[in-house]
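# Chains, contacts and geometry: an overview
If you want the building blocks of each chain, they are given just below.
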Amino acid sequence: MADLVVAAVVAVLTGADAAVNDPSYRQADWVTWLLFGVSVAALLVRSRWPVVVSVVTGAACAGWALYGHIGELLNLPVMAALYALAVRGDRRRTLRAAAVAAPTSGAVSVVAGMDVAQPQGAPLLEMLWPLVPLLLGEVVRGRRELLDEYAERAVRAEAEREREGRRKVREERVRIARELHDVVAHTVSAMTVQAGLALDALDKRPDVAREAMRQVRASGKEAVRELRATVGVLRDGQQPERGPAPRLERLEELVERVRGSGLRVSLHMDTGSRKVPQMVELAAYRIVQEALTNVIKHAGARHAAVSVVLAEGRPDGDALIVEVTDDGPSVQAAATEGYGLIGVRERAAAAGGSAAAGPLPGGGWRVRAVLPLEAS
């Protein structure tokens, strides 16, 4: 449709110029209108075959000049063709077209001037006019390519934002699942053991039963608080209710609750004067919590030892070393290899460290995590 409109406009302007020639020069005849018809007809397919159309219209324009027609608008067909050649091609093709069109136009001007008493324009100027449509077409094509590139970048950026959003959703789901596992597995396991202890001691040692039930109540309150903070993340449009994240200073409280289940737990903590990043403290707390939960649920141990020590001067940098060992049978301890230890490794990896677990040579089980301070 665009080619038809362009051909119609060029036909009106060029036809009017060809029909009215200076009286002292050759007037329009059948050769003139034949060249005119070929030029206009070629413009109808300029978008499909711009190179061929440029050659045809250029030959017709040269034919008018050599035939003795003088006019200001007789070069419109070839200009329209050259514009299409530049717009629908590339820079290399445009340069090749300019290298051919400019010298050809100058040569035709020189030859035509030999037979025309008052030639229109100098050869140098005649060499410049084919460059105008080529330059205009190159500018338009470059702008289109730039806009297409901007649009493609916008599409890629949107796709990247969607991928990043999905990745964050997945990470948040894993984080929430890990938090829920840490809270529920540890607290419910401890409450179950404490409730069983209270039930066994209810008749013979009511004081022990009361203490166990107090531990159950304290554990339940702690679990509700942490669950409320975790589930608050899922509420759309609401600020989650969050308490302070568990820190190393609360390990004593955690160990005390575990002791209420009847397991003897010793705690050794030495972080020196070095400030431990909050992420490392949270990871260490959760790792200890999960390891003690596994001892209660699976190990059948009587004693567990918790060690949280700051190791400075290591070849790979300062780190917090977290170890939890127990004296339970290794066969029972091996049953802890499940989501709990997966969560321990994920906690350590999130803090830039690593974790491992396995049986001890003399019996029992050990969970050990190395949490670097600088990587946090």
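Residues numbered from 1 in each chain as written. Predicted model: local features only at pLDDT ≥ 70, side-chain atom pairs only at ≥ 80, totals over all residues. Heavy atoms only, no water.

## Brief notes about the pattern of salt bridges
As enumerated under the stated definition, the model contains 14 salt bridges in all. A salt bridge links R156 to E152; the shortest N-O distance between them is 3.0 Å. Of the two residues, R156 and E152 are both situated in helix α7 (residues 131–201); the distance of four residues between them amounts to about one turn of the helix. Given a relative accessible area of 46%, E152 falls into the partly exposed group. With a closest N to O distance of 2.9 Å, R368 and E323 form a salt bridge. (Salt bridge = Lys/Arg side-chain N within 4 Å of Asp/Glu carboxyl O. Helix = DSSP H or I, 4+ residues; strand = E, 2+ residues; numbered from the N terminus. Buried < 20%, exposed > 50% of the residue type's maximum accessible area, 1.4 Å probe, protein only.)

## Observations regarding the nonpolar core
Formed by 36 residues in total, the largest nonpolar core has its most connected members in V288, L292, L320, V322 and L371. Broken down by secondary-structure element, the contributors of at least two residues to this core are α9 (251–259), α10 (278–299), β2 (303–311), β3 (319–326), α12 (339–350) and β5 (365–372). At 10 residues, the largest contribution of residues to this core is made by α10. If you look at the next biggest cluster of nonpolar residues, it comprises 13 residues, including A11, W64, L74 and A80. (Core = buried A, V, L, I, M, F, W, Y, C linked by side-chain atoms within 4.5 Å.)

## Quick look at the environment of Q27
Topologically, Q27 is positioned in the loop between α1 (2–19) and α2 (30–43). Q27 sits 41 residues away from G68 along the chain, and the two C-alpha atoms are 8.5 Å apart.

## Some details on the packing of aromatic side chains
Tallying each qualifying case throughout the model produces one aromatic pair. Summarising the aromatic geometry, the rings of W33 and F36 are spaced 5.5 Å apart at their centres and angled 90° between planes, so their arrangement reads as edge-to-face. One end of the pair, W33, and the other, F36, are both in helix α2, three residues apart, so they sit about a helical turn from each other. Here the guanidinium or amino end of R48 rests over the ring plane of W49, the centre of that ring lying 5.4 Å away. (Phe/Tyr/Trp six-rings, centres within 6.5 Å; stacked < 30°, edge-to-face > 60°. Lys NZ or Arg CZ within 6 Å of the ring centre and 35° of its normal.)

## Notes on the pairing of β5
For β5, a buried count of six out of eight residues is recorded, marking the element as mostly surrounded by other parts of the structure. Of the pairings in the sheet, the one linking strand β4 (residues 354–359) to β5 comprises six bridges and is antiparallel in character. Looking at the pairing, P359 lines up with W365 of β5. In textbook terms, the turn of a hairpin is the stretch between consecutive antiparallel strands, and for β4 and β5 this stretch comprises five residues, one of which, G363, has a positive phi near 105°. (Pairing = 2+ DSSP bridges.)

## Focus on the confidence of the model for the protein chain
The predicted coordinates of low-pLDDT regions are not to be read in fine detail. Looking at the protein chain as a whole, its pLDDT mean stands at 78, while 83% of the residues score no less than 70. Counted against residues more than four places away or in other chains, residues 237–242, with its pLDDT under 50, gives nine contacts. Scored below 50 in pLDDT, residues 331–336 shows 12 contacts in the model against residues more than four places distant or in partner chains. (pLDDT = per-residue confidence, 0-100. Contact = heavy atoms within 4.5 Å.)

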